[in-house]
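The lines below spell out each chain.
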Amino acid sequence: MAKYQVNSHRLNGKAFGDVVSETDLVGANIEALVEGGHLIPVIKTSKKDEAKAEDN
Amino acid sequence: MAIIAFKNVDFTVNGVNLSDRMNSVVLTYEVEQQDATVMGGNRAFIGGIQNNTLEVTLYQDFDANEVEATIFPLVGQTTTVTVRPGAQATSSTNPLYTITGAYLASHTPINATDVGATSPVTLTFTGGTLVKTTS
């Protein structure tokens, strides 16, 4: 399930920096919140990616 | 119960609270009437489907997370809008009205008709399902 970091002080019931999932945003147009800068998608990095980054 | 003068109406669109950029809001709850008249009777109606409208006027603000950033991506989309008489907790004397699936057809990003004046943005959300909550 996709997760998002709150990047706004205006989101009802959410604090700046909170990490929320789609279920926390029921009824919301998530794409519009991302486009408007209220949410930032949290990109998961796999352990393989982390290991590669360390190697480099 | 006292007569109310609206001074601090609480308004959110897509979960974003823009109350402090709002100047006016009008919520119209309608259930369309459908003719159910039968032979031998008088004109009769039954309730059809909801046909809700929420018209809100905001002052334009181009800063991050403000009016333009919030509204522009919603044009041509459906979202949830809420309004209640005051910012305090929802109760029987401060009911919360929620429209889910409200459609925004248009937006006026630039409304500069008077030199030096503020730029009001009037939005009309239509359709969706209205629910009134008192707790």
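Owing to the predicted nature of the structure, the values given are computational and were not obtained by experimental measurement.

Definitions and cut-offs
- Residues numbered from 1 in each chain as written.
- Chains lettered and ligands numbered in written order.
- Predicted model: local features only at pLDDT ≥ 70, side-chain atom pairs only at ≥ 80, totals over all residues.
- Heavy atoms only, no water.
- Helix = DSSP H or I, 4+ residues; strand = E, 2+ residues; numbered from the N terminus.
- Buried < 20%, exposed > 50% of the residue type's maximum accessible area, 1.4 Å probe, protein only.
- Contact = heavy atoms within 4.5 Å.
- Pairing = 2+ DSSP bridges.
- Buried area = accessible area lost by both parts, 1.4 Å probe.
- Salt bridge = Lys/Arg side-chain N within 4 Å of Asp/Glu carboxyl O.
- Polar contact = N/O pair within 3.5 Å; in protein donor to acceptor, adjacent residues only side chain to side chain.
- Nonpolar A, V, L, I, M, F, W, Y, C, P; charged D, E, K, R; others polar.
- Lys, Arg positive; Asp, Glu negative; His and termini not counted.
- Axes fitted to C-alpha atoms, helices over the stretch in contact; angles between N-to-C directions.

## Points about the overall build of chain A
Of regular secondary structure, chain A possesses two helices and three strands. Counting only residues that meet the buried cut, chain A has 27% of its 56 residues in that class. Taking all contacts inside chain A whose residues are at least 6 apart in sequence as the whole, residues at least 24 apart take part in 37%.

## Let's talk about the pairing of strand E5 (residues 45-50) of chain B
Residues and elements named next belong to chain B. Of all six residues that make up E5, zero are buried, and the element is exposed over most of its length. Sheet topology note: the strand E4 (residues 31-35)/E5 ladder contains four bridges and is antiparallel. Residue pairing for E5: Gln33 is matched across the bridge by Gly47.

## Comments concerning the interface of chain A and chain B
Tallying the contact residues gives 15 residues for chain A and 18 residues for chain B. For the pair chain A and chain B, the two sides together bury roughly 1,200 Å², of which 39% comes from carbon and sulfur. Contact with chain B buries area across many residues of chain A, yet Arg10, Asn12 and Asn29 of chain A alone supply 49% of it, more than any other trio. Inspection of the region where chain A meets chain B yields two salt bridges. A salt bridge links Arg10 of chain A to Glu66 of chain B, with the nearest nitrogen and oxygen atoms 2.8 Å apart. Our enumeration of links across chain A and chain B arrives at eleven residue pairs in polar contact (both at pLDDT 80 or more). Split by residue class, the side of chain A that touches chain B holds four nonpolar, nine polar and two charged.

## Observations regarding the side chain of Glu68 of chain B
Residue and element names in this part refer to chain B. Position of Glu68 among the secondary structure elements: in helix H1 (residues 67-71). Among buried Asp, Glu, Lys and Arg side chains, Glu68 stands out as unpaired, with Arg21 the closest opposite charge at 12 Å. Contact partners of Glu68, with chain neighbours within four places excluded, come to Gln60, Asp61, Phe62, Pro73, His107 and Pro109.

## What to know about the sheet that holds strand E1 (residues 3-6) of chain A
Residues and elements named next belong to chain A. The strand order E2-E1-E3 describes an open sheet built from three strands, whose pairing is antiparallel. Each edge of the open sheet is held by one strand with a lone partner, namely strand E2 (19-21) and strand E3 (39-41). Sheet twist, expressed as the average angle between the axes of neighbouring strands with direction ignored, equals 40°. Pairing geometry for E1 and E3, over three bridges, is antiparallel. Its bridge partner being in E3, Gln5 is matched across the sheet by Ile40.

## Here's the deal with the pattern of salt bridges
Within the structure shown, the criterion is met by seven salt bridges over all chains. With a closest N to O distance of 2.8 Å, Arg10 of chain A and Asp20 of chain B form a salt bridge. In this pair, Arg10 of chain A sits in the loop between E1 and E2 while Asp20 of chain B sits in the loop between strand E2 (16-17) and strand E3 (22-28), so the two residues belong to two different chains. Where Asp10 of chain B meets Arg84 of chain B, a salt bridge forms, and the shortest distance between an N and an O atom there is 3.2 Å. On the criterion of sequence distance, the pair formed by Asp10 of chain B in strand E1 (residues 10-13) and Arg84 of chain B in strand E7 (residues 77-84) is long-range, its members being 74 residues apart. Here Asp10 of chain B and Arg84 of chain B have matching classes, each one buried. The network of salt bridges with common partners includes Arg10 of chain A together with Asp20, Arg21, Asp61 and Glu66 of chain B.

## Some points on the side chain of Asp10 of chain B
Residue and element names in this part refer to chain B. In this structure Asp10 comes out as buried when scored by relative accessible area, which is 7%. A distance of 3.2 Å separates polar atoms of two side chains, one belonging to Asp10 and the other to Asn17. Not counting residues within four places of it along the chain, the set of residues in contact with Asp10 comprises Asn17, Ser19, Thr82, Val83, Arg84, Pro85, Gly86 and Ala87.

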